[in-house]
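Architecture and fold: a report
Spelled out, the chains give:
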Amino acid sequence: MTSSALAAAPVLPAWRAAGLRYFGLNFFLRQKFGGRVQKVSLDAGFTCPNVDGSVAVGGCTFCDNRSFSPSRRLPRLGIRGQLDDGIRRLKWRYDVERFIAYFQPATNTYAPVERLRPLYEEALAHPQVVGLAIGTRPDCVPDDVLDLLEQLATQTYLSVEYGIQTIHDRSLDWMNRGHHHDATQGAIERSRGRGFEICGHVILGLPGESHADMLATAREIGRLQLNAVKIHNLYAVKRTPLADQVERGEVTLLGRDEYIAALVDFLELLPPEMIVERISGDAPPDYFIGPTWCLDKPGVLRALHAELDRRDTWQGKLHTPSPSGRGPG
Ligand code: SF4
């Protein structure tokens, strides 16, 4: 073999060299932190502009947001108390000493910087917290908030999770999202290069979306060069407009085999360096309407691995690098 042929030989990503078929979150966290790290979910008492009337009322079709109404935003414990409580519960189940504080329900950048900073800093001050994850909407990151996030990213590992859901505006309208894909593109462009990880949430199986539509979202996610993605199928929980639509037969939820087939096709189109933080949805069983197969998370995972093996395929197998050559944020 010539030296030029040797130089052109593709380098396997570490997760493939380890025998995996996609770049999962646990592999990433073990690489980054040298051991197990768990997320602790925190409720900082935020509401959401899609609930309080700033953008819309009623919230997204699938979101059980009644508890996000401003009058009910009274978190049961402060940030430190929630962390201590969550860490105690996780340590009971796992052998783990390090944690990521995950600001999860509602829109966790929806407040002035003067309110956001002490909340994030209180979480970071916990001796067992090694990073932050902050879930938000693409239309809720003004420049001063991004400046704050950039500053935090100089001190710690920080992942900012944007609810993208889909790139198709008609689907965003269906879900009463209150923004279109251009808001997502703008938020990601403005977040890039600020030192924090950019993660996007995506839903497969939205009503009216064809298989080709879902794969168009995968290609766009790749083009946007996010650092990470969370994927799940559309599922319905009680007390939501979606639950009513499912019960009236107006919306059909994907079966497990259909979802797994779409998910594998989706993974094939993602860049190999994008962390796949989640591949299925979950909700407490007593809130859940369907599809019931979602409740068997180990079964979903086994079905995904079986399909990846059967097709002898992996994340990024069909990915075409962006011509811009731009690196992730
Ligand atoms: S899904 Fe997110 S953006 Fe939509 S209503 Fe719920 S909290 Fe707000």
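Residues numbered from 1 in each chain as written. Predicted model: local features only at pLDDT ≥ 70, side-chain atom pairs only at ≥ 80, totals over all residues. Heavy atoms only, no water.

Some words on the overall build of the protein chain
- Within the protein chain one finds twelve helices and nine strands.
- Within the protein chain, the proportion of its 329 residues that are buried is 53%.
- Counting every atom, the protein chain has about 14900 Å² of accessible surface; 53% of that belongs to carbon and sulfur. (Helix = DSSP H or I, 4+ residues; strand = E, 2+ residues; numbered from the N terminus. Buried < 20%, exposed > 50% of the residue type's maximum accessible area, 1.4 Å probe, protein only. Areas by Shrake-Rupley, 256 points an atom, 1.4 Å probe, with all protein chains shown as cover.)

What to know about the side chain of Q165
- You can see Q165 is positioned in strand β4 (residues 157–165).
- When its relative accessible area of 7% is taken as the criterion, Q165 is described as buried.
- Those residues in contact with Q165 that sit more than four places away from it in its chain are F62, M175, R177, H201, V202, I203 and L206. (Contact = heavy atoms within 4.5 Å.)

Considering the pattern of salt bridges
- Summed over the entire model, instances satisfying the criterion amount to 23 salt bridges.
- Between R239 and D64 there is a salt bridge whose closest N-O contact spans 2.8 Å. Residue R239 is located in the loop between β7 (236–237) and α10 (241–247), and its partner D64 is located in the loop between β1 (37–42) and α4 (79–93); the two are separated by 175 residues in the primary sequence.
- For D213, the salt bridge goes to R170, with nearest N and O atoms at 2.6 Å. Residue D213 is located in helix α9 (residues 211–224), and its partner R170 is located in helix α7 (residues 169–174); the two are separated by 43 residues in the primary sequence.
- By relative accessible area, D213 is classed as buried at 16%.
- Taking relative accessible area as the criterion, R170 reaches 46% and is therefore assigned partly exposed. (Salt bridge = Lys/Arg side-chain N within 4 Å of Asp/Glu carboxyl O.)

As for the packing of aromatic side chains
- Overall, the coordinates contain eight aromatic pairs when judged by the stated rule.
- Ring plane angle 10° and centroid distance 6.5 Å describe the contact between W15 and F23, whose orientation is recorded as stacked.
- Exposure remark for W15: the relative accessible area of 2% places this residue in the buried category.
- What makes F23 buried here is its relative accessible area of 9%.
- Ring plane angle 80° and centroid distance 5.3 Å describe the contact between F103 and Y120, whose orientation is recorded as edge-to-face. Here F103 is found in strand β2 (residues 98–103), whereas its partner Y120 is found in helix α5 (residues 113–124), with 17 residues between them in sequence. Of the two residues examined, F103 and Y120, each falls in the buried class.
- When the ring centre of W314 is taken as origin, the NZ or CZ atom of R16, which lies over that ring, is 3.8 Å away. (Phe/Tyr/Trp six-rings, centres within 6.5 Å; stacked < 30°, edge-to-face > 60°. Lys NZ or Arg CZ within 6 Å of the ring centre and 35° of its normal.)

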